[in-house]
Each structure stands twice: as C-alpha cells, then as structure tokens.
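# Reading the structure
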Amino acid sequence: MILAFSIVVIVCSLILTLLVLLHKGRGGGLSDLFGGGVSSSLGGSSVAERNLDRITIGVGLIWFAAIVALGLLYKLG
C-alpha cells in the first residue's frame, strides 16, 4: 500500500511540475515557449487556461491526499 501511494506521489509531482510550467505567467516564462504568449487578452482567461487551472487543482488535491495517506500509513505501520 505504501508503494502504491509513493508511486502516486511521484507521478503527481511530475505532472504538477509540468502543469505549473505551462501556466501563463505575468512576465511570460516557459508557457511562452509553447505558444502561450500569442494568446490575446480579451478581458478574461481562455477556456484552455481555465481547464489548465482545474486540472492543476485536481492533481494538487490528489497529491495532497496521497501525502496525507502516506503519513498516516507510516505513523500507524
């Protein structure tokens, strides 16, 4: 069980790193490398940015739950 949660934490950590790098920063950043700087700002975020935010929050919650589960397993085991 500990191995499964450890794998989930590692995979979520890698995915979160990529998702955070893809977010549009205030001054550009790596998101501009993939065409993020071309988008127009017409008063709000695009659908792709909102979906990226939702996916990032979801993966972050999974990562957090796996960390808590690992802590409980180590404490009780």
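Let us look at the structure shown here. It should be emphasised that the depicted structure is a prediction, and the values quoted were computed from it without experimental measurement.

Turning our attention to the overall build of the protein chain. If you tally the helices and strands in the protein chain, you get three helices and zero strands. In the protein chain, the succession of helices and strands from N to C terminus is α-α-α. Across the 77 residues in the protein chain, those meeting the buried criterion constitute 16%. The contacts in the protein chain between residues at least 6 apart in sequence include a share of 75% that link residues at least 24 apart. For the protein chain, the exposed area adds up to about 5,800 Å²; of that, 73% sits on carbon and sulfur atoms.

Take the packing of helix α1 (residues 2-22) against helix α3 (residues 47-76) next. Contact geometry of α1 with α3 gives a least axis separation of 9 Å together with a crossing angle of 150 degrees. Taken as axis vectors, α1 and α3 run roughly antiparallel relative to one another. The handedness of the crossing between α1 and α3 is left-handed. Split by residue class, the contact of α1 with α3 holds 20 nonpolar, four polar and no charged.

Definitions and cut-offs
- Residues numbered from 1 in each chain as written.
- Predicted model: local features only at pLDDT ≥ 70, side-chain atom pairs only at ≥ 80, totals over all residues.
- Heavy atoms only, no water.
- Helix = DSSP H or I, 4+ residues; strand = E, 2+ residues; numbered from the N terminus.
- Buried < 20%, exposed > 50% of the residue type's maximum accessible area, 1.4 Å probe, protein only.
- Contact = heavy atoms within 4.5 Å.
- Areas by Shrake-Rupley, 256 points an atom, 1.4 Å probe, with all protein chains shown as cover.
- Axes fitted to C-alpha atoms, helices over the stretch in contact; angles between N-to-C directions.
- Parallel < 35°, antiparallel > 145°, perpendicular 65-115°, else oblique.
- Left-handed = near helix turned anticlockwise from the far one by under 90°.
- Nonpolar A, V, L, I, M, F, W, Y, C, P; charged D, E, K, R; others polar.

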